[in-house]
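Structural overview for review
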Amino acid sequence: MFEIRIHSRGGQGGVTAARLIALAAFRDGKHATATPFYGAERRGAPIIAFARIDEDPIRIYSQVQNPDLVVVLDRTLVPVVKVLKGLKPHGAVLVNSGHAVTLDHQRVHHVDLTGIALAEDLVIAGEPVLDTPVLGAIARLGVISLESATKAIAEMFQDPRNVTAAERAYRELVL
Amino acid sequence: MKIIATGNYAVAEAVKQAAPWVIAAYPITPQTEIVERIAQFVTRGELACDYIPVESEHSAMAACIGASAAGVRTFTATSSQGLLYMHELLHWAAGARLPVVMANVNRAVGPPWNVWADHTDALSQRDTGWLQVYAATAQEAYDTTLMAFRIAEDERVLLPVMVNLDGFLLSHTMQDLATLEPGSFIPPLHLPHAIDTAHPAAYAPLTGPKDYYRFRWEMERSMRDAKRVIAETEEDFAARFGRRYGMTTEYRCEDADVLVIAMGTLAKEAEVAVDRLREEGTRAGVLRIRWFRPFPKLDLAGREVVVIDRDYSFGFGGVLAHSLCSTARAEPYSVIAGLGGQEVTHGDIASFVRDRRPGEEHWFGVKADV
């Protein structure tokens, strides 16, 4: 089973990103679940969401303890939340950032999702859209296929710029 | 069609297929998505029904009672405090023999305020005469909702059905879902005592001590008959659509020495715990209680039992544990876990089994045992 934990702030699309991952994995022919962990829901508050992907039906409902991949949609969460908590020994970390990020003395994958969203004019209610571009970066890490990622985005959102942004993030991810 | 959906959306999709004529609802977390999605179906013209956005849960159930008494299919959904607010009318719907179907997204009761999973809301309504069933996957929530209409409306039952799903854990988790075309699976509703303006009659008038008990006995007889109707409905569902569940669902129980018994998502998570315990050499199984009313007949002879209650009856104990004590003469290790969404992992469940002490009660997370 491949387990993902997404850190974001309320309104940034962490929950939607988890749902898109599950949908893309499902389109890849796998079983998948996406579970948000809701606290007191409010914009700007730290939020976590989980996605699980497996060949077999998934029976686990509890939170992901040892993620294979941690996604951080908002870099300002790093000093606030233990984003690396429980990460598997060879687990991957992906941070939304325009420059290289070091976490716990380790370089992690980064891509400027905010920059991509702004460049593509993907802005809703004044906030750059991060949940669709991040799917491209996750596809680049091999968790889901790019084809299914773009399919999943197109199924959930009509604006084609979402797919364009995901494709850009796929290309621009710094491994 | 294969899609992925949350438990809430699965219920809404099933309701769309069952096509009630009247849906009355009031939003409450974590149920809101169900009535929101149904409202969307109605607005888009995908579901033809009278959708009544009422001002409270009490009114939602009252509207369903009125419409059901007129002989049409009805549905509503609620959670927690909303369910409790309906309490008086839950008795009314059952006593008036009205086959209302309701989804209850299990959520803790306040105070303190809490929106997460807990079964106390539904279990505190156990004596209202409603059938109660608990789902553990989005697919099961979908299939069970479809079956609920047929079971409730069967002339041998004519009692309301409450379909329960764990708040957030199931209501908000996206999973695989195969939707289906029920076709003739749910026959048209024929309510024998439907209000008929051509033949005016008084309903539920003052009924004296000489007669009241007869009506209560009729309810109990129907509750007993409901077991057969559930079995027939499940059988037909399996024949048509290939999935079956039962009054209880068993996982690796055949040769098990110790059974984990629970309801809802905890019982699904327990399957993973059982796999691990078997690797360690403990022959464990999961007996998941699906139908809580009518309560299933269980044979637990010669087996140890670990019961997990996501509920509590103060001054008494876990509701499920004590239901087993009285009906199956078990001496369970009673674990109270998952209240108000308390995190319980498969690892925790495996520990409950390893540390079992038959006859004792353990509150997960509380240091000193009671």
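Being a predicted model, the structure only gives us computed values, none of them experimental. (Residues numbered from 1 in each chain as written. Chains lettered and ligands numbered in written order. Predicted model: local features only at pLDDT ≥ 70, side-chain atom pairs only at ≥ 80, totals over all residues. Heavy atoms only, no water.)

Let's shift gears to the packing of helix α3 (residues 133-140) of chain A against helix α4 (residues 146-156) of chain A. Residue and element names in this part refer to chain A. The contact between α3 and α4 brings their axes to 9 Å, and the two run at 165°. One finds that α3 runs roughly antiparallel with respect to α4. Considering the relative orientation of α3 and α4, their crossing is right-handed. Counting all contacts with α3, which are made through L135, G136 and A139, the residues of α4 involved are L146, A149, A152 and I153. Residues of the contact of α3 with α4, tallied by class, amount to six nonpolar, one polar and no charged. (Axes fitted to C-alpha atoms, helices over the stretch in contact; angles between N-to-C directions. Helix = DSSP H or I, 4+ residues; strand = E, 2+ residues; numbered from the N terminus. Parallel < 35°, antiparallel > 145°, perpendicular 65-115°, else oblique. Left-handed = near helix turned anticlockwise from the far one by under 90°. Contact = heavy atoms within 4.5 Å. Nonpolar A, V, L, I, M, F, W, Y, C, P; charged D, E, K, R; others polar.)

What follows covers helix α9 (residues 265-279) of chain B. All names here are of chain B. Counted at 1.5 Å a residue, the expected span for α9 with its 15 residues is 21 Å, and the 22 Å between its end C-alpha atoms agrees. The element α9 is extensively covered by neighbouring structure, given that 13 of its 15 residues are classed as buried. Backbone geometry just downstream of α9 places G281 in the positive-phi region, at approximately 100°. (Expected span 1.5 Å × (residues − 1). Buried < 20%, exposed > 50% of the residue type's maximum accessible area, 1.4 Å probe, protein only.)

Moving on, we get to the interface of chain A and chain B. With 20 residues of chain A in contact, the opposing surface of chain B contributes 27 residues. Of the roughly 2100 Å² buried at the junction of chain A and chain B (both faces included), carbon and sulfur atoms supply 55%. Per-residue buried area on chain A facing chain B is highest for R19(A), R59(A) and Y61(A); these three make up 40% of the total on that side. Here R59(A) makes a salt bridge to E271(B), at a shortest N to O gap of 3.4 Å. (Buried area = accessible area lost by both parts, 1.4 Å probe. Salt bridge = Lys/Arg side-chain N within 4 Å of Asp/Glu carboxyl O.)

This next bit is on the state of the cysteines. Under the criterion given, the structure shown has zero disulfides over all chains. Free cysteine: C49(B), not disulfide-bonded; nearest cysteine sulfur from C64(B) at 10 Å. (Disulfide = S-S within 2.5 Å.)

This part is about the side chain of R310(B). Along the polypeptide, R310(B) turns up in the loop between β13 (304-309) and α10 (319-328). Separated by 2.6 Å, the side chain of R310(B) and the backbone oxygen of G338(B) make a polar contact. (Polar contact = N/O pair within 3.5 Å; in protein donor to acceptor, adjacent residues only side chain to side chain.)

This part takes up the pattern of salt bridges. Throughout the structure, instances matching the rule amount to 35 salt bridges over all chains. Two residues, R168(A) and E120(A), come together in a salt bridge whose shortest N-O distance is 3.3 Å. One end of the pair, R168(A), is in helix α5 (residues 161-172); the other, E120(A), is in the loop between α2 (113-119) and β8 (123-124), with 48 residues separating them in the sequence. Taking the relative accessible area as the measure of exposure, R168(A) reaches 21% and is therefore partly exposed. Taking relative accessible area as the criterion, E120(A) reaches 17% and is therefore assigned buried. In this structure, R290(B) and E140(B) form a salt bridge, with 2.6 Å as the shortest nitrogen-oxygen distance. Taken as a pair, R290(B) in the loop between β11 (284-289) and β12 (291-293) and E140(B) in helix α7 (residues 138-153) lie far apart in primary sequence, 150 residues in all. The burial state of R290(B) is the same as that of E140(B); both residues are buried. A single salt-bridge network, built from bridges that share partners, covers R59(A), R252(B), K268(B), E271(B) and D275(B).

The next subject is the environment of G341(B). Residue and element names in this part refer to chain B. Note that G341 resides in the loop between β14 (333-336) and α11 (346-354). Classification of G341 as partly exposed rests on a relative accessible area of 26%. Each C-alpha atom of the pair G341 and R356 lies 23 Å from the other, and the pair is 15 residues apart in sequence. When neighbours within four sequence positions are excluded, G341 is seen to be in contact with W116, A117 and R310.

All names here are of chain B. Counting buried positions along β13 yields five of six residues, so the element is predominantly enclosed. Sheet topology places strand β10 (residues 258-262) next to β13; four bridges connect them, and they run parallel. Within β13, the position partnered with I261 by the bridge is V307. Pairing between β13 and β14: four bridges, direction parallel. Its bridge partner being in β14, V307 is matched across the sheet by S334. In terms of handedness, the path from β13 via α10 over to β14 forms a crossover that is right-handed. (Pairing = 2+ DSSP bridges. Right-handed = clockwise from strand over helix to strand, strands pointing away.)

Take the domain arrangement of chain B next. All names here are of chain B. Split by domain assignment, chain B resolves into domain 1 (2-187 + 201-241) and domain 2 (248-363). In this structure, domain 1 and domain 2 have C-alpha centres spaced 26 Å apart. The interface of domain 1 with domain 2 comprises 30 residues on the first partner and 23 residues on the second. Across the interface of domain 1 and domain 2, roughly 2200 Å² is buried in total on both sides, 61% from carbon and sulfur atoms. Counting the contacts that link domain 1 with domain 2 gives three salt bridges. For E234, the salt bridge is made with R290, and the minimal N-O distance between the two is 2.9 Å. Between domain 1 and domain 2 we count 14 residue pairs in polar contact (both at pLDDT 80 or more) in total. Among the secondary structure elements, those contributing two or more residues to the side of domain 1 that touches domain 2 are α6 (120-123), β6 (131-134), α7, β7 (161-166) and α8 (212-241). No other element matches the five residues that α8 contributes to the side of domain 1 that touches domain 2. (Domains from an automatic or database assignment.)

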